[in-house]
Amino acid sequence: MSKLTIRDLKLKDKKLLIRVDFNVPFKDGQISDDNRIIQALPTIMYALKKRAKVILLSHLGRVKTEEDLAKNSLAPVAKRLEELLGKPVVFIPETRGPKLEAAINNLKAGEILMIENTRFEDLDGNKESKNNPELGKYWASLGDLFVNDAFGTAHRAHASNVGIASNIGGAAAGFLLEKEIKFIGEAVDNPKRPFVAILGGAKVSDKIGVIENLLKTADHILIGGGMAYTFVKAQGNDVGLSLVEDDKLDLAKDLLEKAKGKIILGTDVYTAKEFSNDSEKNLRDYTNIPADEMGLDVGPKTLELFKKYLKDAKTVVWNGPLGVFEFPNFANGTVEIAKFLSTLTDATTVVGGGDSAAAVIENGLEKGFTHISTGGGASLEYLEGKKLPGIECVNDK
Ligand code: ADP
Ligand code: MG
């Protein structure tokens with residue numbers, strides 16, 4: 001790729017600001033998924049090995065009220081990082097001020113420090129999220145060099161990415177950002193063919209931009225999940241109680257027409273009378289869904305059809321589960337596709353989207369994929385072909 005990366009920087013003895021995405025989920029006060037921390041380790045470990053003085057910045061959740069401050073401290077994340085790195089991480093519970101500055105000045109080569117949640121600055125006028133010029137300038141003044149490795153925030157122009165970059169002479173990409181650009185960017189811009197996209201999830205409206213953009217480059221787009229029913233209905237079928245966006249029927253018709261056969265809907269579906277794991281499961285054809293049933297998972301013939309398109313693919317991008325995978329009885333389509341993709345050793349397989357990534361990880365299949373994106377919203381916008389500010393602010397080589 002043509003972007004400057006951390007490999008191109010002279011790091012020794014430099015104060016290196018790294019924007020990471022440590023916006024991890026918590027459950028009962030504990031980090032419930034540390035994937036984002038793990039994905040940032042290569043960049044952090046490289047910088048430490050090259051004897052930089054590493055200063056980490058990240059956001060965590062949203063900060064609107066005083067109560068959010070206690071809930072969204074990065075202190076437990078610093079602790080987890082310390083365990084993963086096996087070395088001390090100096091945590092400064094502040095986002096600015098003399099204490100932070102002194103700690104940075106005391107930092108030695110090969111040591112690492114983390115500042116408090118960048119969005120603590122949002123409490124007073126959304127300074128972080130609105131890319132307040134004074135804040136970006138201040139954070140830039142704390143370091144010599146800047147690496148952006150936060151793909152999950154790359155669709156936003158915030159003080160801690162774009163703000164720092166524009167005050168410190170730009171940015172270099174960390175290894176994770178580089179990977180996201182390489183695998184998502186290349187899949188969309190310059191895919192090895194056949195390029196097959198699989199789209200699912202709840203709503204068509206979330207993914208219109210993705211479908212339109214992928215129609216330009218993909219050879220086939222396989223559609224399952226809740227969003228399929230708007231298309232099935234647009235073809236003139238009755239879909240019973242299935243999820244449908246009636247205001248998107250015309251658009252779905254248009255897309256089907258524009259696609260000239262590129263969009264592949266399935267043929268069969270598992271339905272139930274209620275939106276519940278324990279509701280009795282029936283196998284129906286898409287053209288024959290009873291009025292009092294809803295489609296909750298793709299059927300076996302649909303899976304066979306999808307696999308036929310996938311087996312010779314050289315690039316696969318998957319976004320969105322093929323059914324209500326939170327219900328074990330309706331998770332089969334999602335799990336089967338995840339398993340099948342993990343066996344495709346000749347293809348570049350990329351998962352973008354929070355829930356589809358979770359399905360892959362929950363089933364222990366992540367090793368079988370080329371790349372699992374760390375960005376939900378960011379990967380969607382990237383798949384839409386949009387320019388992401390957090391990538392645009394990285395210097396070209
Ligand atoms: P991703 O996060 O991977 O982009 P989405 O957020 O778009 O995926 O969609 C995930 C949600 O879609 C899941 O909560 C899942 O239950 C829901 N879903 C999938 N299929 C159906 C369906 N047939 N009916 C209702 N909801 C569905
Ligand atoms: Mg989601």
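What you see is a predicted model, and the numbers here were worked out from it, not measured in a lab.

Caption draft 1: The arrangement of the overall build of the protein in detail. Regarding its fold elements, the protein presents 15 helices and 17 strands. Relative to its length of 397 residues, the protein is compact, with a C-alpha radius of gyration of 23 Å against a globular reference of 21 Å. With 397 residues in all, the protein has 57% of them scored as buried. In the protein, the share of contacts with a sequence separation of at least 24, taken over all contacts with a separation of at least 6, comes to 73%. Surface exposure of the protein reaches about 16,900 Å², of which carbon and sulfur atoms provide 49%. Averaging the locations of the 53 positively and 56 negatively charged side chains of the protein gives two centres separated by 7 Å.

Caption draft 2: Just the side chain of T43, in detail. Positionally, T43 belongs in helix 1 (residues 35-49). Owing to a relative accessible area of 0%, T43 belongs among the buried residues under this scheme. Among the polar contacts made by the side chain of T43, one reaches the side chain of D149 at a distance of 2.7 Å. Setting aside its immediate chain neighbours within four residues, T43 contacts I6, I18, V147, D149, G174, F175 and L176.

Caption draft 3: Broad picture of the environment of Q39. By the secondary structure assignment, Q39 is in helix 1. With 229 residues separating them in the primary sequence, Q39 and D268 have C-alpha atoms 38 Å apart.

Caption draft 4: The nonpolar core, seen in detail. Judged by nonpolar contacts, the single largest core of 94 residues is most densely connected at F231, I263 and L310. The leading source of residues in this core is helix 7 (residues 175-189), at 6 residues. When near neighbours in sequence (up to four residues on either side) are disregarded, L310 contacts V196, I198, L222, V316, I337, F340, L341 and L344. Core analysis: the next-biggest nonpolar cluster, separate from the first, contains 31 residues, L48, A52, V54 and F175 among them.

Caption draft 5: Fine view of the pairing of strand 6 (residues 112-115). On strand 6, burial covers both faces: I112 and M114 on one face and L113 and I115 on the other are all buried. As paired elements, strand 4 (residues 53-57) and strand 6 share 3 bridges and run parallel to each other. Bridged to I55 within strand 6 is L113. Examined bridge by bridge, strand 5 (residues 90-92) and strand 6 share 3 bridges and lie parallel to one another. If you follow V90 over to strand 6, its bridge partner there is L113. With helix 4 (residues 98-106) bridging strand 5 and the parallel strand 6, this β-α-β connection has right-handed handedness.

Caption draft 6: Just the pairing of strand 15 (residues 315-319), in detail. Counting buried positions over the 5 residues of strand 15 gives 5, a clear majority of the element. The side-chain alternation of strand 15 yields two buried faces, one formed by T315, V317 and N319 and the other by V316 and W318. Inspection of the sheet shows strand 9 (residues 195-199) paired to strand 15 by 5 bridges, in the parallel sense. Residue F195 lies in a different strand from strand 15, and its bridge partner there is T315. Read as a crossover between parallel neighbours, the route from strand 15 over helix 12 (residues 332-342) to strand 16 (residues 348-351) is right-handed.

Caption draft 7: Spotlight on the domain arrangement of the protein. Segmentation of the protein into domains returns domain 1 (6-175) and domain 2 (183-383). Contacts between the two partners involve 8 residues from domain 1 and, on the opposite side, 12 residues from domain 2. Of the roughly 710 Å² buried at the junction of domain 1 and domain 2 (both faces included), carbon and sulfur atoms supply 61%. Broken down residue by residue, the surface that domain 1 buries against domain 2 is led by Q39, F151 and H155, which jointly contribute 66%. At the boundary of domain 1 and domain 2, one finds 0 salt bridges. Each residue belonging to the side of domain 1 that touches domain 2 can be placed in one class, and the counts come to 2 nonpolar, 4 polar and 2 charged.

Conventions and cut-offs
Residues numbered from 1 in each chain as written. Chains lettered and ligands numbered in written order. Predicted model: local features only at pLDDT ≥ 70, side-chain atom pairs only at ≥ 80, totals over all residues. Heavy atoms only, no water. Helix = DSSP H or I, 4+ residues; strand = E, 2+ residues; numbered from the N terminus. Rg over C-alpha atoms; globule rule 2.2 N^0.38 Å. Buried < 20%, exposed > 50% of the residue type's maximum accessible area, 1.4 Å probe, protein only. Contact = heavy atoms within 4.5 Å. Areas by Shrake-Rupley, 256 points an atom, 1.4 Å probe, with all protein chains shown as cover. Lys, Arg positive; Asp, Glu negative; His and termini not counted. Charge placed at Lys NZ, Arg CZ, Asp CG, Glu CD. Polar contact = N/O pair within 3.5 Å; in protein donor to acceptor, adjacent residues only side chain to side chain. Core = buried A, V, L, I, M, F, W, Y, C linked by side-chain atoms within 4.5 Å. Pairing = 2+ DSSP bridges. Right-handed = clockwise from strand over helix to strand, strands pointing away. Domains from an automatic or database assignment. Buried area = accessible area lost by both parts, 1.4 Å probe. Salt bridge = Lys/Arg side-chain N within 4 Å of Asp/Glu carboxyl O. Nonpolar A, V, L, I, M, F, W, Y, C, P; charged D, E, K, R; others polar.

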